[in-house]
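Coordinates in review
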Amino acid sequence: MTDNRLGIKIITLLYGVVLTITVIGFFLLASFHILDVRFWVSLATVVLAETIVWSLAGWGALRAEQFKKTVPAFLGLVVVAITYQALTIMYAVLLWLVIAVPTSLYIWIQLITFGAVFVIGGLLIWFMQTERGIDKEERMQMLGIQEIRSILNESNLQLKGWQEPYRSELRQLLTQLEENVRFSDPVTHPDIWQEEEQLVNEVRRLQEQMMQTPIEDEHKAVQQIQHLKSVFGSVQDLLQQRNRKLITVKS
């Protein structure tokens, strides 16, 4: 974060220097030309282009981590901004100072150029936001299966408190469940988040049941195991339901 703030300060300083040089340079040129509409349009567009370029530089320095998945789009934005900067300078030099095109034509050229840059830049920003949104969703969506795997790993440790033959029986059920989870698609879909939530909650309930102290009374112990088996069955059913619906919504 400190490095980012230092980068922002340097970029802000450089932007201020470039902006000052630009304004001074334009007013020096104005001593040889009439301060007409083309002068102000040229100054405004060049300053706008510089602001866009340096804003992108600051944006990239401040949120570099967010651009890892959107590097092509961000570089595209930089190219568009630099191209716009070059065009505004070229228009000012060539169309205003050298050729001296009519004011109305000059304004239209500037407006059309800015409109094209605005549309292209907007599309690239939309693409970046979409990519970041997809990446965020995928990370969040993978949390469900990852959390289930973590809970099942912890549940394995709870087996030490159980006596045979219940321990072997529970281990077999747990192993089957772990295998089914392992072969499940970890990236879910927004349409099945409800099933995902139910599944995670049921696995948590299973863990809570396995954490309970095994009952020494044989009859009650059998009832406890039967209850655990029903929870295992419920988890398996929810997992299969989740996987089937996931295949459907992704197809």
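**Let's talk about the overall build of the chain**
Secondary structure assignment for the chain yields 7 helices and 0 strands. Shown N-terminal to C-terminal, the secondary structure of the chain runs as helices and strands in the order α-α-α-α-α-α-α. Across the 251 residues of the chain, 34% fall into the buried class. Roughly 15200 Å² of accessible area belongs to the chain as shown, and the carbon and sulfur atoms make up 65% of that amount.

**Here we look at the nonpolar core**
The biggest cluster of nonpolar side chains holds 22 residues, and the ones touching the most others in it are I148, L177, L206 and F232. Of all the secondary-structure elements, those providing two or more residues to this core are α4 (103-158), α5 (166-182), α6 (193-211) and α7 (218-250). Per-element tally for this core: the top contributor is α7, with 7 residues. What L206 contacts, discounting residues up to four positions off in sequence, is L177, L228, V231, F232 and V235. Residues L43, A92, L95 and V101 belong to the second largest nonpolar core, which totals 13 residues.

**Here we look at the pattern of salt bridges**
A side chain with one charge can pair with a side chain of the opposite charge if their charged atoms come near. According to the stated counting rule, one finds 2 salt bridges in the structure shown. Ionic pairing is found between R38 and D36, a salt bridge with its closest N-O pair at 2.8 Å. No difference in accessibility class separates R38 from D36, as the two residues are buried.

How each quantity is defined
Residues numbered from 1 in each chain as written. Predicted model: local features only at pLDDT ≥ 70, side-chain atom pairs only at ≥ 80, totals over all residues. Heavy atoms only, no water. Helix = DSSP H or I, 4+ residues; strand = E, 2+ residues; numbered from the N terminus. Buried < 20%, exposed > 50% of the residue type's maximum accessible area, 1.4 Å probe, protein only. Areas by Shrake-Rupley, 256 points an atom, 1.4 Å probe, with all protein chains shown as cover. Core = buried A, V, L, I, M, F, W, Y, C linked by side-chain atoms within 4.5 Å. Contact = heavy atoms within 4.5 Å. Salt bridge = Lys/Arg side-chain N within 4 Å of Asp/Glu carboxyl O.

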